[in-house]
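Below are the chains, spelled out letter by letter.
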Amino acid sequence: MRTAWFRLLFLSTFLTLVMTSVASAHVRVLPEEVPADTFEVFTVRVPTEKDIPTTGVRVEVPEGFTISRVEPVPGWDYELEEEAGAVSAITWSGGEIGATEFQQFDVQGQTPEETGEYHWRAFQTYEDGSVVEWIGPEDSEEPASIVRVTEGDPNDPATQLSGSEDLTGTDQLTPVVA
C-alpha cells in the first residue's frame, strides 16, 4: 500500500515538473513588466526545445519600443531591420544553441509612453530548417512573449529619464558582427 502511494506521489510530482517546464520553455522577452517611458535592458531568452540545435532567432520589436543598442554575443551575428528609422526586428544567426541549452540576447531601449500589453513575436529556426513561430496568444502552445508596460512612479528615480540618454532615433546604432 505504501509503495503504491509513493509511486503515485512520484508520478504526480514528475508530471507536474514536466508540464511546468514545457509550459515555460519558449522564447521569452524579460523583464515581463516594465514602467512606461523608461530605459531598460531587455533579455531575449531562447531555449532549444528539440533534439537538434537552434541556429537562428528573429524577434519583432513592438511598436512604441525604441531599441538603441544590441549586446554582441560571441559566435552570433545580428541584423537590425528598420521601419521609419526605428528598429522593427532583430535577427541573430551564425551561432548554435544545443539541444539542452539556452542563450540570452540583450538589447537596450526605451519603453513606450502608453501602458498596456505588448507582444514580442519570435521565430526560432532549427538546424533542419524548421521554424517555430512564437506568435500565438498567451494560452497557446506557441505563445508570443508579452511585456506589460505599467505606469511608472514619478517619485522613483529608476523610472525617470536622466536627460543624458537620447534614444529617440537609431542613428547611433552601429551593427557589430561578433
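For the structure itself, consult the block above.
First, a word on scope: everything that follows refers to the structure included in this document. (Residues numbered from 1 in each chain as written. Predicted model: local features only at pLDDT ≥ 70, side-chain atom pairs only at ≥ 80, totals over all residues. Heavy atoms only, no water.)

Of the strand pairs in this sheet, strand 4 (residues 54-60) and strand 7 (residues 86-97) are connected by six bridges, and their pairing is antiparallel. Bridging from a neighbouring strand, T54 pairs with I97 of strand 7. Examined bridge by bridge, strand 4 and strand 10 (residues 122-126) share five bridges and lie antiparallel to one another. Of the residues in strand 10, the one forming a bridge with T54 is Y126. (Pairing = 2+ DSSP bridges. Helix = DSSP H or I, 4+ residues; strand = E, 2+ residues; numbered from the N terminus.)

A few words now on the sheet that holds strand 10. Each strand in a sheet pairs with another by means of backbone hydrogen bonds, the pair being arranged parallel or else antiparallel. The strand order across the open sheet formed by five strands is 6-7-4-10-11, and the pairing between neighbours is antiparallel. Sheet topology places strand 6 (77-83) and strand 11 (131-134) at the edges, where each strand pairs with a single neighbour. Within this sheet the neighbouring strands show an average axis-to-axis angle of 15°, counted without direction. Pairing of strand 6 with strand 7, which is carried by seven bridges, proceeds in the antiparallel orientation. Note on strand 7: the bridge partner recorded for E79 is T91. (Axes fitted to C-alpha atoms, helices over the stretch in contact; angles between N-to-C directions.)

Look at the link from L30 to P31: it is a cis peptide, with omega at 0°. Structurally, P31 can be placed in the loop between strand 1 (28-30) and strand 2 (33-35). Despite not being glycine, D37 shows a phi value in the positive range, around 55°. Mapped onto the secondary structure, D37 falls in the loop between strand 2 and strand 3 (39-47). The phi dihedral of A84 falls on the positive side, at around 55°, and the residue is not glycine. Examined against the element boundaries, A84 turns out to sit in the loop between strand 6 and strand 7. For A84, a relative accessible area of 91% puts it in the exposed group. (Buried < 20%, exposed > 50% of the residue type's maximum accessible area, 1.4 Å probe, protein only.)

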